[in-house]
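For reference, the chains in residue letters:
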Amino acid sequence: MSENIKLVRKYLAIDENRNIVAEGNSWEEVKEIMKKKGYKRSQYDILTVVEAEKS
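These lines cover the structure that appears in this document, whether it is placed above or below. (Residues numbered from 1 in each chain as written. Predicted model: local features only at pLDDT ≥ 70, side-chain atom pairs only at ≥ 80, totals over all residues. Heavy atoms only, no water.)

Examining the nonpolar core
Heads up, the condition is: Nonpolar core, defined: a set of buried Ala, Val, Leu, Ile, Met, Phe, Trp, Tyr and Cys residues in which side-chain atoms within 4.5 Å join the residues together. Type-normalised accessible area, obtained with a 1.4 Å probe on protein chains alone, sets the label of each residue: buried when under 20%, exposed when over 50%, and partly exposed for intermediate values. Numbered from the N terminus, helices here are DSSP runs of H or I no shorter than four residues, and strands are runs of E no shorter than two.
Core analysis: the biggest nonpolar cluster contains eight residues, these being Tyr11, Ala13, Val21, Ala22, Val30, Met34, Tyr44 and Ile46. Mapped by element, the contributors of at least two residues to this core are β1 (5–15), β2 (20–24), α1 (27–37) and β3 (44–54).

Overview of the environment of leucine 7
This is how the line gets drawn: Contacts are assigned to residue pairs with any non-hydrogen atoms lying within 4.5 Å of each other.
Among the structural elements, leucine 7 can be located in strand β1. C-alpha separation for the pair leucine 7 and arginine 18, spaced eleven residues apart in sequence, amounts to 25 Å. The residues contacting leucine 7, other than those within four sequence positions of it, are Val50, Glu51 and Ala52.

Structural notes on the packing of aromatic side chains
For clarity, the cut-off: Stacked, tilted and edge-to-face are the three classes applied to pairs of Phe, Tyr and Trp rings, where Trp contributes its six-membered ring and a pair requires centres within 6.5 Å; stacked means planes under 30 degrees apart, edge-to-face means over 60, and tilted covers the rest. Placement of a positive charge over a ring is assigned whenever Lys NZ or Arg CZ falls within 6 Å of the ring centre and within 35 degrees of the normal to the ring plane.
Inspection of the entire model under this criterion finds one aromatic pair. Ring geometry for tyrosine 39 versus tyrosine 44: centroids 6.3 Å apart, planes at 90°, classification edge-to-face. Residue class for tyrosine 39 comes out partly exposed when judged on its relative accessible area of 28%. Owing to a relative accessible area of 4%, tyrosine 44 belongs among the buried residues under this scheme. Here the guanidinium or amino end of arginine 41 rests over the ring plane of tyrosine 44, the centre of that ring lying 4.7 Å away.

A word on the sheet that holds β1
The criterion, for reference: Strands are labelled as partners when DSSP assigns at least two bridges between them. Whenever a helix is involved, its axis is fitted only over the stretch in contact; in every case the axis is a line through C-alpha atoms, and angles between N-to-C directions fall within 0 to 180 degrees.
In spatial order, the strands read β2-β1-β3; together these three strands make up an open sheet with antiparallel pairing. Two strands bound the open sheet, and with one partner strand each, they are β2 and β3. For this sheet, the mean angle separating the axes of adjacent strands, direction not counted, is 25°. Running at roughly 135° to β2, α1 makes contact with β1, β2 and β3 of the sheet.

Rendered as structure tokens:
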């Protein structure tokens, strides 16, 4: 019997102090949030978290 596995991606913006400062469902969503917060792209990294959910 096979299992269905659903991959869930979450995108996190990490500032220079390694704090999570934004979270979204896409890279573009995080980029917009950070722009509204006044961050420049060079001031943060985007981390992609992938989780597997078995159903």
